[in-house]
Amino acid sequence: MRLVAVSAGLSKPSSTRLLADRLAEATSRELAADDRKAEVEIIELRDLAVEIANHLVTGFPAPALSAALEAVTGADGLIVVSPVFAGSYSGLFKSFFDLIEPDALTGTPVLLAATGGTARHSLVVEHAMRPLFSYLHALTLPTAVFAATDDWGAGADVYGGGLPARIDRAGGEFARLLWGLTPATGGTGLYAGDGPDGMGAVDGMSEVNEMDDVDDVDDVVPFEHLLANLK
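Residues numbered from 1 in each chain as written. Predicted model: local features only at pLDDT ≥ 70, side-chain atom pairs only at ≥ 80, totals over all residues. Heavy atoms only, no water.

Colleague: Is there a simple way to explain the overall build of the protein in this structure?
Modeller: Of the regular secondary structure elements, the protein holds nine helices and seven strands. When each of the 231 residues of the protein is scored for burial, the buried share is 42%. Sequence separation of at least 24 residues holds for 74% of the intrachain contacts in the protein that already meet a minimum separation of 6. When the accessible area of the protein is evaluated, it comes to approximately 12400 Å², of which 55% is carbon and sulfur surface. (Helix = DSSP H or I, 4+ residues; strand = E, 2+ residues; numbered from the N terminus. Buried < 20%, exposed > 50% of the residue type's maximum accessible area, 1.4 Å probe, protein only. Contact = heavy atoms within 4.5 Å. Areas by Shrake-Rupley, 256 points an atom, 1.4 Å probe, with all protein chains shown as cover.)

Structure follows, in structure tokens:
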């Protein structure tokens, strides 16, 4: 199983890269517990900044950028982490994914994460990153991770385990999603055998399928009658 993590951090060392590493480790650990081995590749966009800019104006990717794009589009699972700039993902992050063909990530599981100075920026994952990957037809994990500066320090909120617990939860959920979507013979498919919980492709999918077998209910109370009772 090929797991690719994309970090858009600009500094070295970078909290963005650190979060990408931790999420990849948590996912790999959960997969290993279910006898699934993941090959992890970390892509640092900082090292590709010049190649990304050149590709945007020339249309021809350099070898290193071409290899990164192939790794992302060929991954079984994708972890993407961006720092927050001006209330959104960074320009470097967006420029890289602008180079991805709109259908290249169709159905690819994606774990979203971001870093920022304060927790006030945490919704950037929902109002900026998730719509971007919805446009790319990717399958985003409902659980995302945001790490503020205080989450890494001694004054971090320890309620519920703090950032490490959130990373472990997201990694565990992402591993179970990858387990369900990746058949044992390789490749990606929405209905790919039994998952770790003895269910179908995705947790809860069997319940959804069972609902299809429920007979239509004939004695539904019309909505206007319900309104009439409010008078």
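Colleague: It is not clear to me how the packing of aromatic side chains should be interpreted in this structure. Could you clarify?
Modeller: When we look at a pair of aromatic rings, we describe it by the centre distance and by the angle of the planes. Considering all chains together, one arrives at five aromatic pairs under this definition. Here the aromatic rings of F96 and F97 are separated by 5.1 Å at their centres, their planes lie at 85 degrees, and the arrangement is edge-to-face. The same class applies to F96 and to F97, which are both buried. Between F97 and F133, the ring centres sit 5.0 Å apart and the planes meet at 75 degrees, which makes this aromatic pair edge-to-face. Of the two residues, F97 sits in helix α4 (residues 91–98) while F133 sits in helix α5 (residues 124–135), which places them 36 residues apart along the sequence. For the residue pair F97 and F133, the accessibility class agrees, reading buried in each case. Over the ring of W179 we find R36, and its NZ or CZ is 4.2 Å from the ring centre. (Phe/Tyr/Trp six-rings, centres within 6.5 Å; stacked < 30°, edge-to-face > 60°. Lys NZ or Arg CZ within 6 Å of the ring centre and 35° of its normal.)

Colleague: Sorry, what's going on with the pairing of strand β7 (residues 145–148) here?
Modeller: For a regular strand, side chains alternate in direction, first toward one face of the sheet and then toward the other. Here β7 shows no split at all, with V145 and A147 on one side and F146 and A148 on the other all buried. Bridge count for strand β5 (residues 109–116) against β7 is four bridges, and the pairing is parallel. In the sheet register, G116 faces β7, and the bridge partner there is A148. (Pairing = 2+ DSSP bridges.)

Colleague: For this particular structure, what's the right way to read the nonpolar core?
Modeller: Nonpolar side chains in soluble globular proteins generally cluster together in the buried interior. In this structure, V72, V80, F97 and F133 are the most contacted members of the largest nonpolar core, which totals 37 residues. At the level of secondary structure, the elements contributing two or more residues to this core comprise β1 (2–7), α3 (63–73), β3 (77–85), α4, β5, α5 and β7. With six residues, α5 is the largest single contributor of residues to this core. Within the second largest apolar cluster, 24 residues are counted, among which are M1, A24, V81 and L177. (Core = buried A, V, L, I, M, F, W, Y, C linked by side-chain atoms within 4.5 Å.)

Colleague: Please explain the environment of V80 as it appears in this structure.
Modeller: Turning to its location among the elements, V80 is positioned in strand β3. Sequence separation of V80 and A8 is 72 residues, and the distance between their C-alpha atoms is 8.2 Å. Contacts of V80, omitting those with residues within four sequence positions, involve V6, F93, F97, V110, L111, L112, A113, M129 and F133.

Colleague: Quick question: what am I supposed to make of the pattern of salt bridges here?
Modeller: Oppositely charged side chains can pair when the atoms bearing their charge come close. Inspection of every chain in the model, using the stated rule, returns 11 salt bridges. D47 is the salt-bridge partner of K12, the closest N and O atoms lying 3.7 Å from each other. Of this pair, K12 sits in the loop between β1 and α1 (15–33) while D47 is found in the loop between β2 (39–44) and α2 (49–58), placing the two residues 35 residues apart along the sequence. Under the relative-accessibility criterion, D47 is labelled partly exposed at 43%. A salt bridge links D21 to R17; the shortest N-O distance between them is 2.9 Å. With D21 and R17 both in helix α1 and four residues apart, this pair spans about one turn of that helix. A residue is classified by how much of its surface remains accessible, and R17, at 26% relative accessible area, is partly exposed. (Salt bridge = Lys/Arg side-chain N within 4 Å of Asp/Glu carboxyl O.)

Colleague: Looking at this structure, how should I read α1?
Modeller: Since the α-helix turns once every 3.6 residues, residues separated by three or four places project in the same direction. The first and last C-alpha atoms of α1 sit 27 Å apart over 19 residues, in line with the 27 Å expected at 1.5 Å per residue. Among the residues of α1, those classed as buried are T16, L19, A20, L23, A24, A26, T27, S28 and L31. Two to three positions downstream of the cap, the backbone nitrogen of T16 sits 3.1 Å from a side-chain oxygen, assigning the N-cap of α1 to S14. Just downstream of α1, D35 is the residue with a positive phi angle, here 60 degrees. (Expected span 1.5 Å × (residues − 1). Polar contact = N/O pair within 3.5 Å; in protein donor to acceptor, adjacent residues only side chain to side chain.)

Colleague: Where do I start with the packing of α4 against α5 in this structure?
Modeller: In a pair of packed helices, the angle between the axes and the distance between the axes together describe the arrangement. Two numbers describe how α4 lies on α5: the axes approach to 12 Å, and their chain directions differ by 5 degrees. One way to sum up the angle between α4 and α5 is to call them roughly parallel. The segment α4 lies against α5, with F93, K94 and F97 engaging M129, L132 and F133. Here the residues of the contact of α4 with α5 are counted per class, giving five nonpolar, no polar and one charged. (Axes fitted to C-alpha atoms, helices over the stretch in contact; angles between N-to-C directions. Parallel < 35°, antiparallel > 145°, perpendicular 65-115°, else oblique. Nonpolar A, V, L, I, M, F, W, Y, C, P; charged D, E, K, R; others polar.)

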